[in-house]
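Each chain, letter by letter, is given below.
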Amino acid sequence: MKSKTIILALSAGLALASCAPKASDTTKISGEFAKDAPAEVTVSIPGKEDIKVAVVDGKFSVDVPAEVASLSVITAENGMKQRFISDGTALVFTIDSLGQATVTSKTPKVSIQVRNQEYRDAQDAISDKYRSLIDSLGQDKLDSLYNEYEAEMKDLNLVYFEANKDNFISSAALSQMLFDFAPAELDSLISTLDSAVRSNDIVTRIQKAVTAQLETAEGKMFTDFEVNGVKFSSYVGNGKYMLVDFWASWCGPCKAEIPNVKKVWEKYAGKDFDVLSVAVWDEKQASIDTAAAYGVKWNQIVDAQSLPTEIYGIQGIPHIILFGPDGTILKRDLREEKIEAEVAKYVSAK
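This write-up is about the structure you can find in this document. No experiment lies behind these values; they were computed from the predicted model shown.

Attention now moves to the state of the cysteines. Summed over the entire model, instances satisfying the criterion amount to one disulfide. Note on cysteine connectivity: Cys251 is disulfide-linked to Cys254, with sulfurs 2.5 Å apart. Between Cys251 and Cys254, the S-S dihedral sits near 80°, and the bridge is therefore right-handed. The exposure class of Cys251 is buried, given its relative accessible area of 4%. For Cys254, a relative accessible area of 0% translates into the label buried.

For the structure on display, the rule yields nine salt bridges. The network of salt bridges with common partners includes Lys263, Lys267 and Glu340.

Running from N to C, helix 4 (residues 168-175) and helix 7 (residues 201-215) cross one another at 40°; their axes reach a closest spacing of 9 Å. Taken together, the axes of helix 4 and helix 7 lie oblique to each other. Pair helix 4 / helix 7 crosses with left-handed handedness. Across from Phe168, Ser171, Leu174 and Ser175 in helix 4, the residues of helix 7 making contact are Ile202, Val203 and Ile206.

Reading across from one edge, 4-1-7-8 is the order of the four strands in this open sheet, with mixed pairing throughout. The sheet is open, and its two borders are formed by strand 4 (59-65) and strand 8 (101-105), each paired with just one other strand. Between one strand axis and the next, the sheet turns by 20° as a mean value, whatever way the strands run. Relative to strand 4, strand 1 (residues 26-33) runs antiparallel, the two sharing seven bridges. The residue of strand 4 that forms the bridge with Glu32 is Lys59.

Another aspect to go through is the packing of aromatic side chains. Within the structure shown, the criterion is met by 15 aromatic pairs. Between the aromatic rings of Phe225 and Phe232, the centroid separation amounts to 4.5 Å while the plane-to-plane angle is 20°, which identifies the pairing as stacked. No difference in accessibility class separates Phe225 from Phe232, as the two residues are buried. Ring centres of Tyr312 and Phe323 lie 6.2 Å apart, and the angle between their planes is 85°; on these two criteria the pair is classed as edge-to-face. Highlighted residues: Tyr312 in the loop between helix 10 (307-311) and strand 14 (319-323) and Phe323 in strand 14, separated in sequence by eleven residues. In this pair, the class of Tyr312 matches that of Phe323, namely buried. Feature note: the residues Phe222, Phe225, Phe232, Phe246, Tyr312 and Phe323 constitute an aromatic cluster, connected by ring pairs.

Looking now at the sheet that holds strand 3 (residues 51-54). Spatial strand order, 3-2-5-6: four strands in an open sheet with antiparallel pairing. The two strands at the open ends of the sheet, each matched to only one other strand, are strand 3 and strand 6 (81-86). If you compare each strand with its neighbour and ignore which way they point, the axes differ by 25° on average. Where strand 5 (residues 67-76) lies against strand 6, five bridges are found, and the strand directions are antiparallel. Opposite Val73, over in strand 6, you have Arg83 as the bridge partner. Lying over the sheet, helix 4 contacts strand 5 and strand 6, oriented at roughly 90° with respect to strand 5.

Along the chain, Thr89 falls in the loop between strand 6 and strand 7 (90-95). A distance of 2.9 Å separates polar atoms of two side chains, one belonging to Thr89 and the other to Ser105.

This paragraph deals with the environment of Gln82. Looking at the secondary structure, you find Gln82 in strand 6. Residues Gln82 and Glu185 lie 103 residues apart in sequence; the distance between their C-alpha atoms is 33 Å. Leave out the neighbours within four places in its chain, and Gln82 touches Ser72, Val73, Ile74, Phe93, Ala101 and Val103.

Cut-offs used in this document
Residues numbered from 1 in each chain as written. Predicted model: local features only at pLDDT ≥ 70, side-chain atom pairs only at ≥ 80, totals over all residues. Heavy atoms only, no water. Disulfide = S-S within 2.5 Å. Buried < 20%, exposed > 50% of the residue type's maximum accessible area, 1.4 Å probe, protein only. Salt bridge = Lys/Arg side-chain N within 4 Å of Asp/Glu carboxyl O. Axes fitted to C-alpha atoms, helices over the stretch in contact; angles between N-to-C directions. Helix = DSSP H or I, 4+ residues; strand = E, 2+ residues; numbered from the N terminus. Parallel < 35°, antiparallel > 145°, perpendicular 65-115°, else oblique. Left-handed = near helix turned anticlockwise from the far one by under 90°. Contact = heavy atoms within 4.5 Å. Pairing = 2+ DSSP bridges. Phe/Tyr/Trp six-rings, centres within 6.5 Å; stacked < 30°, edge-to-face > 60°. Polar contact = N/O pair within 3.5 Å; in protein donor to acceptor, adjacent residues only side chain to side chain.

Distances and angles like these do not, on their own, reveal function.
Below you can see the structure in the form of structure tokens.
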């Protein structure tokens, strides 16, 4: 459902655009409010002091430093907030009566801000295309359709990543590909980015998670942590195979996996195997109440928040890991029928 010719043409066009010189070391910003204009706006450029700009007769203008590796932002007391890339071109902000801003450039062919909007529009177009197909297909074809959607989106993200390694767009594309590549592959992709891009908030966060994933990869020994006086090592590395489900009460896919985890616990739990649920990114009582509602009777650690997810580089939940009796990480990111299939390799049913 996608055309390689179109993808290659897009890639070639972006490659040419990314080679175009930056218009200036400063970005000329001008803007106009349709109504309810504030007295001033604040322009925040990463690494620079905030710039206060007076709004006169609903209009403002200012020259600010160019910063293409990160997102900048314009805010106002009336609630207006618009992120943008300070790309060294003349950018025009048109703020409508609802406080929503449209950003254009007077030199769009060399504007990274415009290219970023084109990237977002291309993502939306792919999503809209597949969303329109969902209602026309039967349930049995949805998995195939979703795979096609993921493949097309991955192609698009790669094109923009490769063509924008010296600016913010590559970090935005990278954040969309976290589940498309293994940690070592993501680490390699990050290494190809411009040093300033590698230092922005998005890539720094991703690199931290990737490093944690590599340090807690399959075959590695578990890393201990403690929550409210309860140590992870009280359950893991104590002579049993341990299935650990990192989850949250607000997470629909997490709750969908609980019956699969319950089935394995009921079938295999004993002297050689047990299960532990670790509630992350959640309110303590919500975790307790939801676990009770779903019939969770096995071991639990609640109120763990981001501590274990940072240690194990978990960027999405549910994340289910099987540990060996000595604490060795045997398999990560188990889902659905793969949970029992993996446990059955090591433990016999009761």
